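Results of the structural survey
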Amino acid sequence: MQKLQNILLVALVVIIGAIPLFIVKNSDFAGADSQAEEVIMEMNQDYKPWFKPIWEPPGGEVETLLFTLQACIGAGFIGYFIGFSVGRQKNGD
Amino acid sequence: MHIMEGFLPVSHAAFWGAASLPFFVIGIRRINQKVSANPRLKLLLALAGAFVFVLSALKLPSVTGSSSHPTGIGLGAILFGPAVMTVLGTIALLFQALLLAHGGITTLGANVFSMAIIGPFVAYYSYKLLSGLKVPAGVAVFVGASLGNLLTYVVTATQLSAAFPQADGGMYAAMLKFMSIFALTQIPLAISEGILTVLIFNFLKKYNLKELKDLNVVEE
């Protein structure tokens, strides 16, 4: 019962993520953060950001690498946690 | 919800920094209290941090044709209380500001306030309220995590409108504009975040029930 519910929930997340790709045409799904940045610049053409990022990834590939790394660190630990918890319960601790 | 580096006027940046700092200090203290009282909780604390790391790295497409991300804050807020997540959320935001040029040092205070203060407070109190009303835990977790995520973005939109009111229509007109960017995009993502949080919560209820009881997350 619980297992079926979990499978359905995972499927639901995948569906929610996939629907926009099919119903929204001609969009590159740019980040909402950078859209807000554009709107600010449009509405306030004399606004100058007064501080620049100390370091920026030198390109899309490196940025993707670092985002992936962030997700991997998190996912790696979650996997460890799940294995640890299941094992602990099996050993009756 | 990341306000980009340099995109808040100095006074606003300073205000949000000052507003966030006390929560961070309280959060550090809460972590020390909880972990020294029960060292077994360290692993669960790390899980809450790891969940933030994964979810905030996933930029998901939304029906508005733009992408945004879950925050992963709700889980830890429900487990450990909101202030603890101020600390863990700040770590994730700092990582993104320094290594990804996502958000920034000058806007850290504002981003912490939305994602790591309002988000966890909304998640925690919605969960507590609903479980007090005897709503099933799964539903309470879903609503808490989803609302925490959604409200985070409402706060971001408010922060930007306060900093950049429109020439005609002022803050209200700006609010409409930023809300249309953030809040609408966020609705399906908030739902996804709620579901993912329920999934991991179901796991914890099965395999880490003792810790959940120690933390007063579940009764009996």
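Only a predicted model underlies this, so the values are computations on that prediction, with no experimental measurement involved.

The biggest cluster of nonpolar side chains holds 84 residues, and the ones touching the most others in it are Leu44(B), Leu79(B), Phe80(B), Leu160(B), Phe178(B), Leu204(B) and Val217(B). Beyond its immediate sequence surroundings of up to four residues, Leu44(B) is in contact with Phe81(A), Leu79(B), Phe80(B), Leu204(B), Glu211(B) and Leu215(B).

The subject of this paragraph is the packing of helix H2 (residues 41–57) of chain B against helix H7 (residues 170–207) of chain B. Residues and elements named next belong to chain B. Where H2 meets H7, the closest approach of the two axes is 13 Å, and the angle between their N-to-C directions is 155°. Compared by their axis directions, H2 and H7 come out roughly antiparallel. H7 is crossed by H2, and the crossing has right-handed handedness. Across from Leu44, Leu47, Phe51 and Leu55 in H2, the residues of H7 making contact are Glu193, Leu196, Thr197, Ile200 and Leu204. Class assignment for the residues of the contact of H2 with H7 results in seven nonpolar, one polar and one charged.

Bringing a nonpolar patch on the surface into the picture now. A cluster of nonpolar side chains, namely Trp50(A), Phe51(A), Ile54(A), Trp55(A), Val10(B), Leu94(B), Leu98(B), Leu99(B) and Ile105(B), defines an oily patch on the protein surface of about 790 Å² accessible area. Per-element accounting of the nonpolar patch gives the leading share, three residues, to helix H4 (residues 82–99) of chain B. Within the secondary structure, Ile105(B) is located in the loop between H4 and helix H5 (108–132).

Moving on, we get to the packing of helix H3 (residues 60–90) of chain A against H2(B). Across the interface, H3(A) lies against H2(B) with an axial gap of 8 Å and an inter-helix angle of 145°. By crossing handedness, the relation of H3(A) to H2(B) is classed as left-handed. Touching Phe67(A), Gln70(A), Ala71(A), Ile73(A), Gly74(A), Ala75(A), Phe77(A), Ile78(A), Tyr80(A), Phe81(A) and Phe84(A) of H3(A) are Leu43(B), Leu44(B), Ala46(B), Leu47(B), Ala50(B), Phe51(B), Val52(B), Phe53(B), Val54(B), Ser56(B) and Ala57(B), all from H2(B). Each residue belonging to the contact of H3(A) with H2(B) can be placed in one class, and the counts come to 19 nonpolar, three polar and no charged.

Our focus in this paragraph is the interface of chain A and chain B. Contact residues are listed per partner, giving 56 residues for chain A and 63 residues for chain B. Together, the buried faces of chain A and chain B total about 5200 Å²; carbon and sulfur atoms form 74% of this surface. The largest share of the area that chain A buries against chain B comes from Asp33(A), Gln70(A) and Phe81(A), three residues that together contribute 14% of it. In this assembly, chain A and chain B are joined by one salt bridge. Between the two partners, chain A and chain B, sit 17 residue pairs in polar contact (both at pLDDT 80 or more). Looking at the side of chain A that touches chain B, the elements that each hand over two or more residues are helix H1 (2–23), strand E1 (30–31), helix H2 (32–43) and H3 of chain A. The biggest single contributor to the side of chain A that touches chain B is H3(A), with 18 residues. Relative to strand E2 (residues 66–68) of chain B, E1(A) runs parallel, the two being bridged by two bridges. The residue bridging Ala30(A) from the neighbouring strand is Ser66(B), located in E2(B).

Now for the confidence of the model for chain B. Confidence in the prediction for chain B averages 95 pLDDT; 100% of positions are at 70 or higher. Interface confidence in the predicted complex, given as ipTM, is 0.93; pTM for the same model is 0.95.

Pairing is mixed across the open sheet formed by three strands, whose spatial order is E1(A)-E2(B)-E1(B). Here the strands that pair on one side only, and so sit at the sheet edges, are E1 of chain A together with strand E1 (60–61) of chain B. Across the sheet, H7(B) touches E1 and E2 of chain B, and the angle it forms with E2(B) is around 55°.

This model, assessed by the stated rule, comprises three salt bridges over all chains. With a shortest N-O distance of 3.2 Å, Glu211(B) and Arg88(A) are connected by a salt bridge. With Glu211(B) in helix H8 (residues 209–214) and Arg88(A) in helix H3, this pair bridges two chains. Accessibility classification places Glu211(B) together with Arg88(A) in one group, the buried group. In this structure, Arg40(B) and Glu211(B) form a salt bridge, with 3.4 Å as the shortest nitrogen-oxygen distance.

Thresholds applied
Residues numbered from 1 in each chain as written. Chains lettered and ligands numbered in written order. Predicted model: local features only at pLDDT ≥ 70, side-chain atom pairs only at ≥ 80, totals over all residues. Heavy atoms only, no water. Core = buried A, V, L, I, M, F, W, Y, C linked by side-chain atoms within 4.5 Å. Buried < 20%, exposed > 50% of the residue type's maximum accessible area, 1.4 Å probe, protein only. Contact = heavy atoms within 4.5 Å. Axes fitted to C-alpha atoms, helices over the stretch in contact; angles between N-to-C directions. Helix = DSSP H or I, 4+ residues; strand = E, 2+ residues; numbered from the N terminus. Parallel < 35°, antiparallel > 145°, perpendicular 65-115°, else oblique. Left-handed = near helix turned anticlockwise from the far one by under 90°. Nonpolar A, V, L, I, M, F, W, Y, C, P; charged D, E, K, R; others polar. Patch = residues over 30% accessible without salt bridge, like charges linked within 9 Å, V, L, I, M, F, W, Y side chains within 5 Å. Areas by Shrake-Rupley, 256 points an atom, 1.4 Å probe, with all protein chains shown as cover. Salt bridge = Lys/Arg side-chain N within 4 Å of Asp/Glu carboxyl O. Buried area = accessible area lost by both parts, 1.4 Å probe. Polar contact = N/O pair within 3.5 Å; in protein donor to acceptor, adjacent residues only side chain to side chain. Pairing = 2+ DSSP bridges. pLDDT = per-residue confidence, 0-100.

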